[in-house]
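Close look at the chain arrangement
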Amino acid sequence: MPSLPSTMKAVVLPEIGPSSKLQYTDSQPLPTLKPGQLLVKNAYAGINYIDTYFRSGLYPSAVGYPMILGQEAAGIVADVSSEGDTLGFKTGDRVVWIAQGGYAEYTAVPAHRTIKIPEGLSDDQAVGGFLMGMTALSLVRESYPVQKGDKVLVHAAAGGVGLLLCQLLRDIGAYTIGTAGSPEKCKLAEQYGANVTIDYNANTNWVEKVKELTDGNGVDVVYDSVGKTTFDGSLDSIKRKGKFVQFGSASGPPPPLNIARLSPKNISLMRMTVMSYIVTREEIEYYGNAVLNLIKDGKLKINVHKAYDLKDAKQAQDDLEGRKTTGKSLLKL
Ligand SMILES: NC(=O)c1ccc[n+]([C@@H]2O[C@H](COP(=O)([O-])OP(=O)(O)OC[C@H]3O[C@@H](n4cnc5c(N)ncnc54)[C@H](OP(=O)(O)O)[C@@H]3O)[C@@H](O)[C@H]2O)c1
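As recorded in an unreviewed UniProt entry, the protein chain goes by the name Probable quinone oxidoreductase, listed as coming from Cyphellophora attinorum.

Some thoughts on the domain arrangement of the protein chain
Note: interface size is frequently given as the accessible area lost on complex formation between the parts. With domains assigned, the protein chain is organised as domain 1 (7-129 + 302-332) and domain 2 (132-275). Averaged C-alpha coordinates put domain 1 and domain 2 at centres separated by 28 Å. Across the boundary between the two partners, domain 1 contributes 17 residues, which contact 20 residues of domain 2. For the pair domain 1 and domain 2, the summed buried surface comes to about 1,400 Å²; carbon and sulfur atoms form 55% of the total. Sorting the residues of domain 1 by area buried against domain 2 places Asn 303, Arg 323 and Thr 326 first, and these three jointly supply 30% of that buried surface. Here domain 1 is connected to domain 2 by zero salt bridges. Run the count over domain 1 and domain 2 and you get nine residue pairs in polar contact (both at pLDDT 80 or more). Looking at the side of domain 1 that touches domain 2 residue by residue, the class counts come to seven nonpolar, seven polar and three charged.

What to know about helix H5 (residues 183-191)
Taken together, the buried positions of H5 are occupied by Lys 185, Cys 186, Leu 188 and Ala 189. Seen from one end, H5 has its buried residues packed into an arc of 160°, which puts them on one side. Opposite its buried face, H5 presents the exposed residues Pro 183, Glu 184, Lys 187 and Gln 191, each directed more than 90 degrees away. On its buried face, H5 is in contact with helix H4 (160-172), strand E9 (175-180) and strand E10 (196-199). Looking one or two places after H5, you find Gly 193, whose phi comes out positive at around 130°.

Conventions adopted
- Residues numbered from 1 in each chain as written.
- Predicted model: local features only at pLDDT ≥ 70, side-chain atom pairs only at ≥ 80, totals over all residues.
- Heavy atoms only, no water.
- Domains from an automatic or database assignment.
- Contact = heavy atoms within 4.5 Å.
- Buried area = accessible area lost by both parts, 1.4 Å probe.
- Salt bridge = Lys/Arg side-chain N within 4 Å of Asp/Glu carboxyl O.
- Polar contact = N/O pair within 3.5 Å; in protein donor to acceptor, adjacent residues only side chain to side chain.
- Nonpolar A, V, L, I, M, F, W, Y, C, P; charged D, E, K, R; others polar.
- Buried < 20%, exposed > 50% of the residue type's maximum accessible area, 1.4 Å probe, protein only.
- Helix = DSSP H or I, 4+ residues; strand = E, 2+ residues; numbered from the N terminus.
- Arc of directions from axis to C-beta.

And the structure:
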């Protein structure tokens, strides 16, 4: 390994605000390792909607401000802490991680949040499906364990998580109704496994359409990451004794709920986060390796919308928030 530089390229968020707050620099000091950490030289970082929540202040930052956004990246281990348990990782290992600070050339990450990338899988494909793949997999395996024949409603079905959900549900043998914001996005979601799609921008009466498609009964489960604009419709789309899995706020947070609204149909409601499914080392190994192997074996196709230059992180977030993307966006370091 060549010796490490003292500074690096990064995109720094000095304070909460619009995307114009994101500042590119080529003189950010390299992070210093804490016990149990690895220094990873990132090749590609994943862009996730959650990055925009930390930027806007919708979610509080655990590390305060200024902060470096980005929850995942793939690259090469450049240094290993001499203290703490680093789980046998060595410099030169090719890894993908889920932690904090991916919009940068180097990130110090806990070894226990890091997984080796299997031979034959590229860095961009690995990070392209890592956080989102673990999300999609835990949604269909744990939040509501989907069975063959279940009727499932997936909002934003052409998005990053959406396209992965469509594929996993197709493999399980579910009947997937996907919603998306344009005819092109609907077509893409169908190519990735949705049985039928509804353009919920053109068809504001999408709840009626869902009822029609389910013989008037509604779906077994709805996976809703859109939030504010879909929440009420999602509740109406679920069958008696069905499940509502709410896991995101792309259109804003859902309104406060009077839980009495769940009783007419005995609906179960979960506010899911993947982070609470990957707390222990065993859990992150289970989901991380499962996802990487599915991608490597060609069972999960990663649709990379674009790999943006690090300097264009603002544009990448604008495109995501402006509903201009499908699938996964990356930053190239
Ligand atoms: N809980 C968790 O652990 C977890 C983990 C990962 C992701 N998520 C959530 O899953 C969702 C998808 O994440 P992603 O990164 O894959 O993003 P994405 O789905 O690729 O992008 C968001 C999509 O939401 C739809 N949308 C509907 N109304 C919108 C609005 N007013 N503004 C912006 N977008 C709107 C758009 O698709 P259409 O144009 O087709 O409507 C847009 O493309 C996000 O809500 C994210 O927070 C949650």
